[in-house]
Amino acid sequence: MTLLAVRNLSVTYPTRTGLIEAVRGISFDLGRERLGIVGESGSGKSQTGRAVMGLTPKPGIVRADAMTFSGVDLLNAGPADWRTLRGSRMAMILQDPKFSLNPVMTIGRQITETLRQHEKVTKKEARQRALAMLEAVQIRDPERLFGLYPHEVSGGMGQRAMIAMMLVCGPELLIADEPTSALDVTVQLEVLGILDRLVRDTGMGLIFISHDLRLVSSFCDRVIVMYAGRIVEELATADLSHARHPYTRGLLDCTPKIGEDRHPLPVLERRKEWAA
Ligand SMILES: Nc1ncnc2c1ncn2[C@@H]1O[C@H](COP(=O)(O)OP(=O)(O)OP(=O)(O)O)[C@@H](O)[C@H]1O
Ligand SMILES: [Mg+2]
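Trainee: Would you mind showing me how to read the packing of aromatic side chains here?
Mentor: Two measures describe an aromatic ring pair: the distance that separates the ring centres and the angle between the ring planes. What the rule picks out here adds up to 2 aromatic pairs. Ring centres 4.7 Å apart and planes at 55° place the aromatic pair Tyr 227 and Tyr 247 in the tilted group. Pair noted here: Tyr 227 is in strand β10 (residues 222-227) and Tyr 247 is in helix α9 (residues 246-254), with a separation of 20 residues, a long-range link. Comparing Tyr 227 with Tyr 247 shows no difference in burial state: the two are buried. The ring of Phe 219 carries the charged tip of Arg 34 above its face, separated from the ring centre by 5.8 Å. Seen from the ring of Phe 146, Arg 127 lies directly overhead, with NZ or CZ sitting 4.5 Å from the centre.

Dropping the structure here:
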């Protein structure tokens, strides 16, 4: 079943020096699956996620032939529609968690308030669900974290607290924008494990944004490769070795393999015509 359908989406920014085309006419569908979006810095991954969430910053302009989420027309959603959608039915983990947690509110309160904004629950129920969610993201002492402010926890814990906040309402769609890039490898794997379990247990659809093709291919069912605001390749992770686009092939060739001694390291090729 299709959860999200995007047709010919473009995101542009008018600037003093001309129009920046961040996303240039992309189309894709998402079911209850894990879809990876990879591509180099500036290729339009975050802008795609933000557009889907109605979070394109000013003065960005979003255009599309269609963009629907479980039958809801996102292109014509008003502020009230977004308030009920965002945080409850669809959620996004932003690239930098520092901007997502409120620095002057305890972590526990942020999670319970998110929940109480969207569901009729008592304070006590909200607290219990928040604690259960913190436990689900492998916080060892949820009671303690509950009363802490964001600056009092480590980056990895803050990231997990944010994931807990995004997931407490049980969204049908989660967009995770480089959710683990700021974390060390062991914490990274833990967080991926948490997301993986949630997708399996709840049937949530996941868009996993990363510049790391190897990570994406180990974790997702399907991959979209973006280059200069366009989708240059879309394929099942299992078929990645049959990727045709030279950019994807280049990314694959640049992936280091343990036990292999390559000199010189290949240089990733970029050509103007791929963006055309
Ligand atoms: N507020 C803005 N105003 C103007 N241009 C912007 C704005 N935000 C993003 N862009 C441009 O949109 C393009 C795509 O940016 P985007 O953040 O989607 O890249 P990305 O693929 O997520 O990169 P990264 O891997 O570095 O996160 C870039 O060229 C960027 O400069
Ligand atoms: Mg980004």
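Still more ground to cover, so stick around.
Trainee: Where do I start with the site of ligand 1 in this structure?
Mentor: Ser 41, Gly 42, Lys 45, Ser 46 and Gln 47 are the nearest of the 13 residues found near ligand 1. Note that an oxygen atom of ligand 1 is positioned 2.8 Å from one of the side-chain N or O atoms of Ser 46. Gln 47 places a main-chain nitrogen or oxygen 2.9 Å from an oxygen atom of ligand 1. Out of a free accessible area of 640 Å², ligand 1 has 68% covered by protein chains. The set of elements that each furnish at least two residues to the shell around ligand 1 consists of β2 (18-30) and α1 (45-52). A per-element tally of the shell around ligand 1 places α1 first, with 3 residues. Within the shell around ligand 1, the residues separate by chemical class into 3 nonpolar, 7 polar and 3 charged.

Trainee: Which parts of the structure should I look at to understand the packing of helix α3 (residues 107-118) against helix α6 (residues 155-167)?
Mentor: Angle between the axes and distance between the axes: these two values describe a pair of packed helices. Close contact between α3 and α6 brings their axes to 8 Å; oriented N to C, the two are set at 15°. One finds that α3 runs roughly parallel with respect to α6. As for the relative orientation of α3 and α6, their crossing is right-handed in sense. Facing Ile 107, Gln 110, Ile 111 and Thr 114 of α3, the residues of α6 in contact are Ala 161, Ala 164 and Met 165. Looking at the contact of α3 with α6, its residues break down into 5 nonpolar, 2 polar and no charged.

Trainee: I would appreciate a short explanation of the pairing of strand β5 (residues 66-69) in the present structure.
Mentor: Every other side chain in a regular strand lies on the same face of the sheet, so the side chains alternate between the two faces. Along β5, the buried face is formed by Met 67 and Phe 69; none of Ala 66 and Thr 68, which line the opposite face, is buried. Judged from the 2 bridges that link them, β5 and strand β6 (residues 72-73) form a sheet pairing that is antiparallel. Residue Phe 69 lies in a different strand from β6, and its bridge partner there is Val 72. Linking β5 to β6, which pair antiparallel, is a turn of 2 residues; within it Ser 70 sits at a positive phi near 40°.

Trainee: Sorry if this is basic, but what is going on with the nonpolar core here?
Mentor: Within soluble globular proteins, side chains that are nonpolar tend to cluster in buried spots. Counting 58 residues, the largest nonpolar core has Ile 111, Leu 145, Leu 174 and Phe 208 as the members making the most contacts within it. Among all residues touching Leu 145, those that are not within four sequence positions of it are Ile 107, Leu 134, Ile 139, Val 153, Met 157 and Ala 161. Grouped together as the second largest cluster of nonpolar side chains are 32 residues, Phe 28, Leu 30, Phe 69 and Ile 209 included.

Trainee: What's the story with α3 in this structure? I'm lost.
Mentor: Because the α-helix completes a turn every 3.6 residues, residues three or four places apart line up on one side. Taking 1.5 Å per residue as the helical rise, α3 with its 12 residues ought to reach 16 Å, and the 18 Å between its terminal C-alpha atoms agrees with that figure. Within the span of α3, buried status applies to Ile 107, Gly 108, Gln 110, Ile 111, Thr 112, Thr 114 and Leu 115. Here the buried face of α3 lies against α4 (123-136), α5 (142-146) and α6.

Trainee: What is the right way to look at unusual backbone geometry in this model?
Mentor: Among all residues save glycine, negative phi is the norm, and among peptide bonds the norm is trans. Following Lys 58, the chain continues to Pro 59 via a peptide bond in cis, the omega torsion being 0°. Along the chain, Pro 59 falls in the loop between α1 and β4 (61-63). Located in the positive-phi region is Asn 8, a residue other than glycine, with phi close to 55°. Examined against the element boundaries, Asn 8 turns out to sit in strand β1 (residues 4-15). Since its relative accessible area comes to 36%, Asn 8 is described here as partly exposed. The phi angle at Glu 178 is positive, at roughly 45°, despite the residue not being glycine. Mapped onto the elements of the fold, Glu 178 is located in the loop between β8 (173-177) and α7 (185-202).

Each value, and the rule that gives it
- Residues numbered from 1 in each chain as written.
- Chains lettered and ligands numbered in written order.
- Predicted model: local features only at pLDDT ≥ 70, side-chain atom pairs only at ≥ 80, totals over all residues.
- Heavy atoms only, no water.
- Phe/Tyr/Trp six-rings, centres within 6.5 Å; stacked < 30°, edge-to-face > 60°.
- Helix = DSSP H or I, 4+ residues; strand = E, 2+ residues; numbered from the N terminus.
- Buried < 20%, exposed > 50% of the residue type's maximum accessible area, 1.4 Å probe, protein only.
- Lys NZ or Arg CZ within 6 Å of the ring centre and 35° of its normal.
- Near = heavy atom within 4 Å.
- Polar contact = N/O pair within 3.5 Å; in protein donor to acceptor, adjacent residues only side chain to side chain.
- Areas by Shrake-Rupley, 256 points an atom, 1.4 Å probe, with all protein chains shown as cover.
- Nonpolar A, V, L, I, M, F, W, Y, C, P; charged D, E, K, R; others polar.
- Axes fitted to C-alpha atoms, helices over the stretch in contact; angles between N-to-C directions.
- Parallel < 35°, antiparallel > 145°, perpendicular 65-115°, else oblique.
- Left-handed = near helix turned anticlockwise from the far one by under 90°.
- Contact = heavy atoms within 4.5 Å.
- Pairing = 2+ DSSP bridges.
- Core = buried A, V, L, I, M, F, W, Y, C linked by side-chain atoms within 4.5 Å.
- Expected span 1.5 Å × (residues − 1).

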